[in-house]
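# Notes for the structure review
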Amino acid sequence: MGANIYRNKKPALAFLLPAFLFMVLFLYYPFFKTIINSFMHLKQLGATATEFNAPWYTNYEEMLHDPHVWTSVKNTIIMMLVTLVGQVGIAIVLALMVDNIGRGKQIFRTLYFFPIVISATALGLMFNLIFLRDKGMVNQVLEMLGKQDLTDWKAEGIALVTMMAPVMWQYVGFYFVILVTGLNNISDELYEAATIDGATALQRVRYISVPMLHNVICTCSVLAVTGALKVFDLPWVMFPKGMPLKTTFLTGTYMYYQTMETKNVDYGAALAVLIVVLGVVLAKVVNAVFREKDY
Amino acid sequence: MMKKRMMAAMLAGAMVLSVTACGNSSGAEKAAGTEGDAPAEAPAAEAEAPAAESAGSVELVVTTTFAGEDSNAQNYKDAVKAWEAETGNAVVDTSATADETFKTRVATDFETGSEPDVLFFFNGADSNSFIEAGKVVSIDEIREEYPDYASNMNEDLITASLVDNKKYAVPANGFWEAMFVNTEILEAAGVAMPGADYTMDQFKADCEKIKAAGYAPIAAALGNIPHYWWEFAIFNNQSPATHLEIPENAGDENGQAWVQGMNDIKELYELGYFPENTLSATDDETFAMFTEGKAAFLIDGSWKVGGIVGACQSDPNDPATLDSAKLDKFDVTYVPGKGDRKATDLVGGLSSGYFITRKAWDDPVKRDAAVSFVEYLTSDEMVPKFAQHGASALKNAPEVDTSEFNVLQIKAMNMMAGTTSLTGAVQDLFAGDCRVSTFDGMPEIVTGRVVAEDAVAEGLEAYHNQ
């Protein structure tokens, strides 16, 4: 009788039902509605679309000729590379270093994780002050070091760097904590055996830590790439409307701009579909590249 | 085993019910709050909620533009506090600075059914969408139940809606747009204070001197808020009589005036009269340049008087901390004129007012409070406090008491005394996505990436397709 209770799945289904309904109502229904809206004529938020665009694929055709779409896709791909190298890469280095120190691991975990708990909007406002042209922190430091003229950190050529640096900084701690946890799961016996065999610290990292972390790094990479597609608030606060000259749009901020600022709601819906397609394709690519291994 | 099954079933049932209950309550709220054409149901749905407010306290959600650097931000806070004390009601204030983001937020609130009960908002094209949707109540409809509503206002000065020519918004205070000057920079650059006969050619000559002295002549963030320059640059190629006519296309006479206006801004940009970071800076940054003595001229609205005064206080919320010597260095004058527009022909009027939403009107608990709130804020005693150096729509406007005015307010009053005309802002009629090509697109226009004529044509096409 004892084992029979696990065969009856009905109570489990009953528990799953509310969450399922919630997902249908607030995720799947809006998702399919967005796909439909991308073919409709809709120029007002909250309004009901009554007619299809003529032709119905107008928005998708427009996307091909819209230079800002290509700018936003290009910037988003750059953001993905930055998150992979800048967030996961730096997190790996930090995690390996912290794993090698004797005491104070917990302090570093807390310190590196801390930016995650601050709202991205607040961080955006803070970095606005840091990168302010006049009396911003960075320019003041450069002035103290003898630089004569002020640097406009939001100017066209450098704006992307200014936008991506805080995003990178914010999430390093997130991957750091995942990776440190992964390192903790590696048996000490492996390190001890390697030490007895005469392996140096670098060799232990190269031949034990990194290979054993492979699956964790894969997970972090998938999270980083898909997360880069969702980055929105911090770039929007720092560079509203793709400032300057619409060069800093990401797919998310451009979709928001079209939907909320210009009220081109149907085009915004089409951009949302593009983001989903990009997300699925890129997640597949990343999964293929960073394939997890069975040990 | 049976006991466990029952427990599991009960828990599952409770979860499903809780979700259903959440759905029901939000549905009821929607019925009460947003379905303007179902007043009979609304009171029933709301009937239980005010039980907690039986002590006479009604909570009104109010949105205004009296926030941030607006001259009346403090007046508004004081007035709300006084009204709350007088009536025992409470105000949930969601006011914000009047920029495009604020307008979008208000429009979205209406579209998604989460509009405020009362709002002080623009009565031009920006209010078209919620008037078309029937989400605000006309003054005439309110007067059917409250005959004295807005009776202290001059009817001719209450602006009618562009949608149906009905009057919805009770005006409180007017506005003007003019040019603020940092006189300290003018002195340093050897430039005389501009007067009533100031021309665009003189302005450019002055800008050249100011630039040579190492200052930015114009404080403006063209990539963020190009609105004031947009308005006056177009106005400078028209006259007060034609300014409010929206062109049919970029090729007609008025359309060409718009194109020339955009090209005039481009010329000033190419001459290097805007701050170096004008395309990447925010309006707050360029305003700070002006108040901190790094930029000489600032075209802005009457609400900016408060912002400048605030910047001269060590504590922006405490008038006692005002640095009078610093404030003395600021002045306000006319915007340089060109062609048929004299410098003293300014942009201004009564472009905002208090709306009562259908949602509040259909709620018997909130209706009285909403009317009381608007009547209080638009009373003969309150309006002069808000109008200050600007106009009002009062029938019996009292003499302005200048004894409590600061030096910049007095300068503003003197400047206003010399105006030859006050014309509304054409951008108030030209709202929505039609502005995108010339507002958001201003950086592309001034850098030459988009031809002004194309940008104007795109905007006009969007306007005529609305």
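Being a predicted model, the structure only gives us computed values, none of them experimental.

## Observations regarding the overall build of chain B
For chain B, the count of helices and strands is 19 helices and ten strands. By the burial criterion, 48% of the 466 residues in chain B qualify as buried. Nonlocal contacts in chain B, meaning residues at least 24 apart in sequence, comprise 77% of its contacts between residues at least 6 apart.

## Focus: the pairing of strand β2 (residues 90-93) of chain B
Residues and elements named next belong to chain B. One ladder, built from four bridges, connects strand β1 (residues 59-63) with β2; its direction is parallel. Bridge assignment links L60 to a residue of β2, and that residue is V91. Of the crossover connections in this fold, the one passing from β1 over helix α3 (residues 73-87) to the parallel β2 is right-handed.

## Regarding the packing of helix α3 (residues 67-99) of chain A against helix α10 (residues 214-230) of chain A
Residue and element names in this part refer to chain A. Their axes nearest at 9 Å, the elements α3 and α10 cross at an angle of 145°. The crossing of α3 and α10 is right-handed. Judged by residue contacts, T76, M79, M80, T83, L84, Q87, V88 and I92 of α3 engage I217, C220, S221, A224, V225, G227, A228 and L229 from α10. Residues belonging to the contact of α3 with α10 are distributed by class as follows: eleven nonpolar, five polar and no charged.

## What to know about the environment of B:E187
Tracing the sequence through the fold places B:E187 in helix α7 (residues 183-189). Sequence-wise, B:E187 and B:W361 are 174 residues apart; in three dimensions their C-alpha atoms are separated by 56 Å.

## A closer look at the packing of helix α9 (residues 227-235) of chain B against helix α10 (residues 253-270) of chain B
Residue and element names in this part refer to chain B. One way to put it is that α9 packs onto α10 with a least axis distance of 8 Å and a crossing angle of 125°. Considering their axes alone, α9 and α10 lie oblique with respect to each other. Here the hand of the crossing between α9 and α10 comes out right-handed. Facing W229, A233 and I234 of α9, the residues of α10 in contact are A257, W258, G261, M262, D264 and I265. In the contact of α9 with α10, the residues fall into seven nonpolar, one polar and one charged.

## As for the domain arrangement of chain B
Residues and elements named next belong to chain B. For chain B, the domain assignment lists domain 1 (56-174 + 350-400) and domain 2 (176-347 + 410-465). The centre of domain 1, based on its C-alpha atoms, is set 28 Å off from the matching centre of domain 2. Opposite the 14 residues of domain 1 that make contact, domain 2 presents 19 residues. Of the residues contributing to the side of domain 1 that touches domain 2, the split by class is four nonpolar, six polar and four charged.

## A look at the confidence of the model for chain B
Residues and elements named next belong to chain B. Overall, the prediction assigns chain B a mean pLDDT of 86, with 88% of residues at 70 or greater. Within the model, pLDDT remains below 50 along residues 11-55, and this stretch shows 39 contacts once partners closer than five positions in the same chain are excluded. Under the prediction, the complex receives an ipTM of 0.82, its pTM being 0.80.

## Digging into the environment of B:N128
Among the secondary structure elements, B:N128 is positioned in helix α5 (residues 128-132). Separated by 17 residues in sequence, B:N128 and B:E111 place their C-alpha atoms 12 Å apart.

## Quick word on the interface of chain A and chain B
Counting from both sides, the interface comprises 28 residues of chain A and, opposite them, 28 residues of chain B. Those elements giving two or more residues to the side of chain A that touches chain B turn out to be α1 (10-37) and α12 (251-261) of chain A. With seven residues, α1(A) is the largest single contributor of residues to the side of chain A that touches chain B. Along the lines of polarity and charge, the residues of the side of chain A that touches chain B split into 17 nonpolar, four polar and seven charged.

## Focus: the pairing of strand β8 (residues 345-349) of chain B
On any regular strand, side chains alternate: one points to one face of the sheet, the next to the other face. Residue and element names in this part refer to chain B. Across the five residues of β8, five count as buried, placing the element largely inside the fold. Burial of the side chains of β8 extends over both faces: D345, V347 and G349 are buried on one face and L346 and G348 on the other. Bridge count for strand β4 (residues 175-182) against β8 is three bridges, and the pairing is antiparallel. When the bridges of β8 are listed, W176 appears paired with G348. One ladder, built from three bridges, connects β8 with strand β10 (residues 421-423); its direction is parallel. Within β10, the residue paired with D345 across the bridge is S421.

## Some remarks on unusual backbone geometry
Residue and element names in this part refer to chain A. With an omega of -10°, the peptide bond between A54 and P55 qualifies as cis. Omega for the bond connecting M243 with P244 falls within 30 degrees of zero, at -5°, which places this linkage in the cis form. The residue K246 is not glycine, and still its phi comes out positive at about 60°. Among the secondary structure elements, K246 is positioned in the loop between α11 (233-238) and α12. One non-glycine residue with positive phi stands out, namely K263, at about 60°.

## Looking at the confidence of the model for chain A
Within chain A, residue pLDDT values average 90, and 97% of them lie at 70 or more. The secondary-structure element of chain A with the lowest mean pLDDT is helix α4 (residues 105-117) of chain A, recorded at 86, while helix α2 (residues 58-65) of chain A shows the highest, at 95.

## Quick notes on helix α8 (residues 188-196) of chain A
A small share of α8(A) lies buried, amounting to zero of its nine residues. After α8(A) finishes, the residue A:G198 shows a positive phi value of roughly 95°.

## Let's talk about the sheet that holds strand β9 (residues 352-356) of chain B
Residues and elements named next belong to chain B. On the basis of which strands lie adjacent, the open sheet formed by four strands has the order β2-β1-β3-β9 and mixed pairing. Only two strands of the sheet have a single neighbouring strand rather than two, namely β2 and β9. For this sheet the average axis-to-axis angle between neighbouring strands, irrespective of direction, equals 25°. As judged from the two bridges shared by β1 and strand β3 (residues 118-122), these two strands associate in the parallel manner. What sits directly across from V62, in β3, is V118.

Thresholds applied
Residues numbered from 1 in each chain as written. Chains lettered and ligands numbered in written order. Predicted model: local features only at pLDDT ≥ 70, side-chain atom pairs only at ≥ 80, totals over all residues. Helix = DSSP H or I, 4+ residues; strand = E, 2+ residues; numbered from the N terminus. Buried ≥ 20, exposed ≤ 12 C-beta atoms within 10 Å, placed from the backbone. Contact = placed C-beta atoms within 7 Å. Pairing = 2+ DSSP bridges. Right-handed = clockwise from strand over helix to strand, strands pointing away. Axes fitted to C-alpha atoms, helices over the stretch in contact; angles between N-to-C directions. Left-handed = near helix turned anticlockwise from the far one by under 90°. Nonpolar A, V, L, I, M, F, W, Y, C, P; charged D, E, K, R; others polar. Parallel < 35°, antiparallel > 145°, perpendicular 65-115°, else oblique. Domains from an automatic or database assignment. pLDDT = per-residue confidence, 0-100.

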